[in-house]
Amino acid sequence: MTTTSTALPTAPVVEHHRQPLGIGEPRPRLSWTTSAPDDWRQRSYEVEVRRGAGTSTWREDSPEQVLVPWPGEPLGSRETADVRVRVGDGTTWSAWSPPTRLETGLLEPGDWRAVPVGGAWPEDPDSDRRRPALVRHEFDVAADVVSARLYVTSHGLHEVELNGRRVGDTELAPGWTVYGKRLRYATHDVTGHLRPGTRNALGAWLGDGWYRGRLGWRGGFRNLYGSDLSLIAQLELRHADGRLEIVATGPAWRASTGPIVASGNYDGEDYDARGEQPGWSAPGFPAEGWSPVAVARRDPATLVAPTGPPVRCTQEVRPVAVLRTPGGNLVLDFGQNLVGRCRIRVRGRRGDRVVLRTAEVLQDGEICTRPLREARSTDSYVLAGRTEPETWEPRFTFHGFRYVQVDGWPGDLDEAAAAGDVVARVLHTDLERTGWFSCADPLLERFHENVVWGMRGNFVDVPTDCPQRDERVGWTGDLQVFAPTASFLYDVSGMLTSWLADVSAEQLPDGTVPWYVPVIPAHQMWTPIRPGAAWGDVVTFTPTTLHERYGDVGLVAAQYGTARRWVDLVDRLAGPGHLWDEGFQLGDWLDPAAPPHDPADATTDRYLVASAYFARSARLLADMAALLGHEEDAQRYGTLAARAREAFAAAHVRPDGRMSSDAQTAYSLALVFDLIPDPERRRLAGERLAHLVRAADNRIATGFVGTPLVNDALTAAGEVGTAYDLLLERGCPSWLYQVLMGATTVWERWDSLLPDGTVNPGQMTSFNHYALGAVADWVHRVVAGLAPAAPGYRRVRFAPRPGGGLTSASARHRCPYGTVAISWHLDGADLVVETLLPTGTTGVLDLEGADPVELGPGRRVTRTPHHRPGADAPGPLVAPAR
């Protein structure tokens, strides 16, 4: 083949890494997108890998371009490689793509020499006010050092400085994993921080974080993973002759207390600038008062490289108003419920103390802290009294808030707010945004924006349930229902790969999947861990979702054993009758009809929920087995799924299509999970669901389980109009009720804020809780009309179903093959649809009242008479966009 093709591939993406430095995969898979004419098709590709002085090229006659196998020998620790690709159509080759440089981290336990080091002074292990340490070490760097890598993690949180400069921009490092089994380390290129030919210094701030800080509600627990705060750091210096020199944490390091008096996730951070030690992380600092470090233990086999991005500050938000409350307090309103912390710039007298107390809502004009429960959520700063302004931001805490009460500000707070002297710094896992939606209804657009903000605030290293109160744990059921929405809005592939590895690590030997991961002890409702439907089913549903959205078979393979153990456990619990009808269950959690004191007391029987999930998980597991080529398992679990489906229908579906629980969630589960074998009873069940919605005046009547399904169930039943009525209802409870009440995120309860403006009296009243925003996936797929029809969006289904009075909608998503998009609007009596497909994909345009139309790559505009029920519509006119 010649190299005259007009196609051009992008630089390869390595696994799910945005920056492939310090990766942990010795055989990383590669992906790329291609810019090419609409009629071009890839039939082959070549991968060139340059390693050291050698270059090798591999050719595959294949159309694959997403997560293709590593072509050569496995990479070793610290190894770099330059990788590029070119693609062919059978006649011509493209030019080579730009290269991607990748570098592995420390792949073997024997690569580690660093040991954990921290303060050696006595502490009260039961105290929340243990003063965290600073640790430091000086060393010489030869003049011939040409590069440097810092591999770093910690027991607790850390922030590293090299020669007085901060290393990296990550926050809350190393994040939260099942620390005893998996502790992530980061790799930093610190070549530019070094001072070759002279003395250098490496130091770190330490903080409690998830490792030893208070976790959990009702007082919580401390020291869950250990009582030490320790840095584990290995600085590797590469000399011009190739020699490697290692500077690692060890007994020669020194420790001291610093200006952080106390820090914790829930309570906030107290900082006394009078205790600062200028120059402490620079060479030549007089550290005579510093003590020898305590050396702890860590099995290096538990140190793992990250698969997703770290937490970073992604945005700064200024206050929109300074409020004066009836009690005489000054409160900053940032206009948006967000997660992060404040940065202040202040000038005052030595010893002045500024206190920042956060809250999500106001009640009676004052910040309402009751929903925070036992989270103090307060930061304080004691001024050093310098002549220049002092700038400070907490290092080792985060809060969920819109409002901040400011006490002790030495000056005019109005002027300070206007000058940007107080800003909110938004923190979350630095995921790449991949999905967007818009429409003609401003309220629906605001709701969708609330879903986005809710996800941002709760994807703080783990997918949490609420970022403000004394909880903030990774509930498995919440993520299970929200994963389809999350994977459209952001690239969560790497982050959830890591979290699902923790789910597997926390699975009990009998197959039980915990309610939340990582596991922390709790009161008797959650401890000891018991199996529960919808929550435990995260191990079948979420890998399936991520395979659908990213085409990652490797993730399915990694999670297959976990999923199989879960289904086998539920099979034993269900017994020969194949109905899971006993044991502790949350059911349709937070059904709006449930009393505030018992959120599990839903209108849908909890054992109906459990049996439905059993049947569906068995089906998904059979599909996973078939995908992986496990033929015997596929047959076995397919048979189990069929029997569980039959048992469910016999127990819960009556001859007239009525369910044993005559409730919206019951019908939604049966319809979406395909648990009604008989078409006529299925039709009747759909009619009954629509009747129930209309009879409730289109007010929502589902909890965490039913909410992601009810609109899809109505759509499948031919009741799209009713689904729109439900979506766009404004009364309480509904999605838009929250918007009309001023919500800027999605709430935990449908009525977290009551119609009279008071806060719901329930003990669980979060104003930032993504689960009920899971309907956004239906909005993307049905309102806008954009859905995957094959793994990774290799085939796309464009099937908008206009309704609800909307005159236009659009969605755009960056999938593994490139950007897919749809927009539609009503033009008189016509529906005009514009679609976009990238190279490597195909699609189908499925418009109501018209025959499906096959689409290839490129932009197309379709005009067709807008279908009205009962009307005959001619086929659409499809043409390339100009």
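What counts, and where the lines are drawn
- Residues numbered from 1 in each chain as written.
- Predicted model: local features only at pLDDT ≥ 70, side-chain atom pairs only at ≥ 80, totals over all residues.
- Heavy atoms only, no water.
- Buried < 20%, exposed > 50% of the residue type's maximum accessible area, 1.4 Å probe, protein only.
- Helix = DSSP H or I, 4+ residues; strand = E, 2+ residues; numbered from the N terminus.
- Pairing = 2+ DSSP bridges.
- Axes fitted to C-alpha atoms, helices over the stretch in contact; angles between N-to-C directions.
- 1 Å grid on protein atoms, 1.4 Å probe; cavity = no way out; pocket = protein on both sides within 12 Å on 5 of 7 lines; lining within 4 Å.
- Points joined across faces, edges and corners; volume = space filled by probe spheres on them.
- Nonpolar A, V, L, I, M, F, W, Y, C, P; charged D, E, K, R; others polar.
- Expected span 1.5 Å × (residues − 1).
- Contact = heavy atoms within 4.5 Å.
- Polar contact = N/O pair within 3.5 Å; in protein donor to acceptor, adjacent residues only side chain to side chain.
- Core = buried A, V, L, I, M, F, W, Y, C linked by side-chain atoms within 4.5 Å.
- pLDDT = per-residue confidence, 0-100.
- Left-handed = near helix turned anticlockwise from the far one by under 90°.
- Parallel < 35°, antiparallel > 145°, perpendicular 65-115°, else oblique.
- Phe/Tyr/Trp six-rings, centres within 6.5 Å; stacked < 30°, edge-to-face > 60°.
- Lys NZ or Arg CZ within 6 Å of the ring centre and 35° of its normal.

Moving on to the pairing of strand β9 (residues 100-104). Here β9 lies mainly inside the structure; four of its five residues are buried. By the bridge criterion, two bridges tie strand β3 (residues 21-23) to β9 in an arrangement that is parallel. In the strand pairing of β9, I23 is matched with T104. Here strand β8 (residues 80-88) runs beside β9; their pairing, made up of four bridges, is antiparallel. Paired with D82 across the strands is R101, a residue of β9.

Let's shift gears to the sheet that holds strand β7 (residues 54-60). In space, the five strands of this open sheet follow the order β3-β9-β8-β6-β7, with mixed pairing throughout. Looking at the sheet topology across the chains shown, the edges are occupied by β3 and β7. Within this sheet the neighbouring strands show an average axis-to-axis angle of 30 degrees, counted without direction.

In this approach the atoms are scanned with a rolling probe the size of a water molecule, which exposes any empty space left behind. Of the voids in this model, the largest pocket is the one considered here, and its volume is about 1100 Å³. The wall of the largest pocket is formed by 40 residues, among which E548, R616, V672, D777 and R781 lie closest to the centre. Of all the secondary structure elements, the ones that give two or more residues to the lining of the largest pocket are α4 (476-489), α6 (538-550), α8 (606-628), α10 (664-672), α12 (707-716), α15 (776-784) and β40 (786-788). The residue inventory of the lining of the largest pocket, partitioned by class, reads 25 nonpolar, five polar and ten charged. Taken as a whole, the second largest pocket spans an internal volume of roughly 880 Å³. Forming the boundary of the second largest pocket are 43 residues, of which P306, G308, P309, P310 and R312 lie nearest the centre.

Look at α6: 17 Å from first C-alpha to last across 13 residues, which is about the 18 Å you get at 1.5 Å a residue. Among the 13 residues of α6, eleven are classified as buried, and the element is accordingly described as predominantly covered. Elements that come into contact with the buried residues of α6 comprise α4, α5 (493-506), α7 (553-574), α8, α15 and β40. G551, located one to two residues past α6, shows a positive phi value of around 70 degrees.

By secondary structure assignment, the location of T358 is in strand β30 (residues 353-359). At 2.5 Å, the side chain of T358 and the side chain of S377 are in polar contact. If sequence neighbours within four positions are ignored, T358 has contacts with T369, L372, S377, H399, G400, F401, Y403 and V404.

Of all hydrophobic cores here, the largest spans 202 residues; its most connected members are F459, V492 and Y613. Broken down by element, the residue count for this core peaks at 13 residues, all from α8. Ignoring any residue separated from it by four or fewer positions in sequence, one finds F459 in contact with H428, T429, L431, L479, F482, A486, V492, M495 and Y770. Counting residues in each nonpolar core, the second largest holds 26 residues, with A148, V152, A255 and V293 among its members.

Before going further, it helps to spend a moment on the pairing of strand β36 (residues 422-429). Of all eight residues that make up β36, eight are buried, and the element is covered over most of its length. Judged from the six bridges that link them, strand β27 (residues 311-317) and β36 form a sheet pairing that is antiparallel. By the bridge assignment, E316 is partnered in β36 with R425. Pairing of strand β29 (residues 330-346) with β36, which is carried by five bridges, proceeds in the antiparallel orientation. Within β36, the residue paired with R341 across the bridge is R425.

It is worth spelling out α5 at this point. For an α-helix the count is 3.6 residues per turn, leaving residues at separations of three or four pointing the same way. In this model α5 runs 20 Å from its N-terminal to its C-terminal C-alpha over 14 residues, within 8% of the 20 Å that 1.5 Å per residue would give. The element α5 is extensively covered by neighbouring structure, given that eleven of its 14 residues are classed as buried. Of all the residues in α5, the buried ones are S493, G494, M495, L496, S498, W499, L500, D502, V503, A505 and E506.

A few words now on the confidence of the model for the protein chain. Per-chain confidence: the protein chain averages 96 in pLDDT, with 98% of residues scoring 70 or above. The low-confidence segment residues 869-882 (pLDDT under 50) makes 28 contacts with residues lying over four places distant or belonging to another chain.

The subject of this paragraph is the sheet that holds strand β18 (residues 198-207). With antiparallel pairing, six strands are arranged side by side in an open sheet as β14-β13-β18-β11-β21-β24. At either margin of the open sheet sits one strand with a lone partner, and together these are β14 (165-166) and β24 (291-292). Alignment of strand β11 (residues 133-141) against β18, held across eight bridges, turns out to be antiparallel. Counted as the bridge partner of R136 is G203 from β18.

Moving on: the packing of α10 against helix α11 (residues 679-695). Running from N to C, α10 and α11 point in directions that differ by 145 degrees, and their axes come no closer than 9 Å. For the pair α10 and α11, the sense of crossing is left-handed. The residues of α11 that touch α10, namely those facing Q664, Y667, S668, A670 and L671, are R682, A685, G686, R688, L689, L692 and V693. Split into classes, the residues belonging to the contact of α10 with α11 amount to seven nonpolar, three polar and two charged.

This part is about the packing of α10 against α12. Relative orientation and spacing of two packed helices are given, respectively, by the angle between their axes and the distance between those axes. Axis separation between α10 and α12 bottoms out at 8 Å; the angle between their running directions is 65 degrees. With respect to each other, α10 and α12 are oriented roughly perpendicular. Handedness of the crossing formed by α10 with α12: left-handed. Along the contact surface, α10 presents Q664, S668, L669, L671 and V672, while α12 presents L709, V710, D712 and A713.

Per the stated rule, a full pass over the model turns up 35 aromatic pairs. An angle of 80 degrees between the planes, with centres 5.1 Å apart, marks the rings of W112 and Y185 as edge-to-face. A residue pair is termed long-range when its members are at least 10 positions apart, and W112 in the loop between β9 and β10 (117-118) and Y185 in the loop between β16 (183-184) and β17 (186-189) qualify at 73 residues. Of the two residues examined, W112 and Y185, each falls in the buried class. Centre to centre, the rings of W515 and F584 are 5.6 Å apart; their planes meet at 85 degrees, and the pair counts as edge-to-face. You can see W515 sitting in the loop between α5 and α6 and its partner F584 sitting in the loop between α7 and α8, a full 69 residues away along the chain. Looking at F584, the relative accessible area reads 23%, which means it is partly exposed. Members of the aromatic cluster, joined through ring pairs, are W217, W475, W515, Y516, W526, W535, F584 and W589. Its end group placed over the ring of W205, R395 keeps NZ or CZ at 3.6 Å from the ring centre. Across from the ring centre of W453, 4.2 Å away, lies the NZ or CZ of R456, which sits over that ring.

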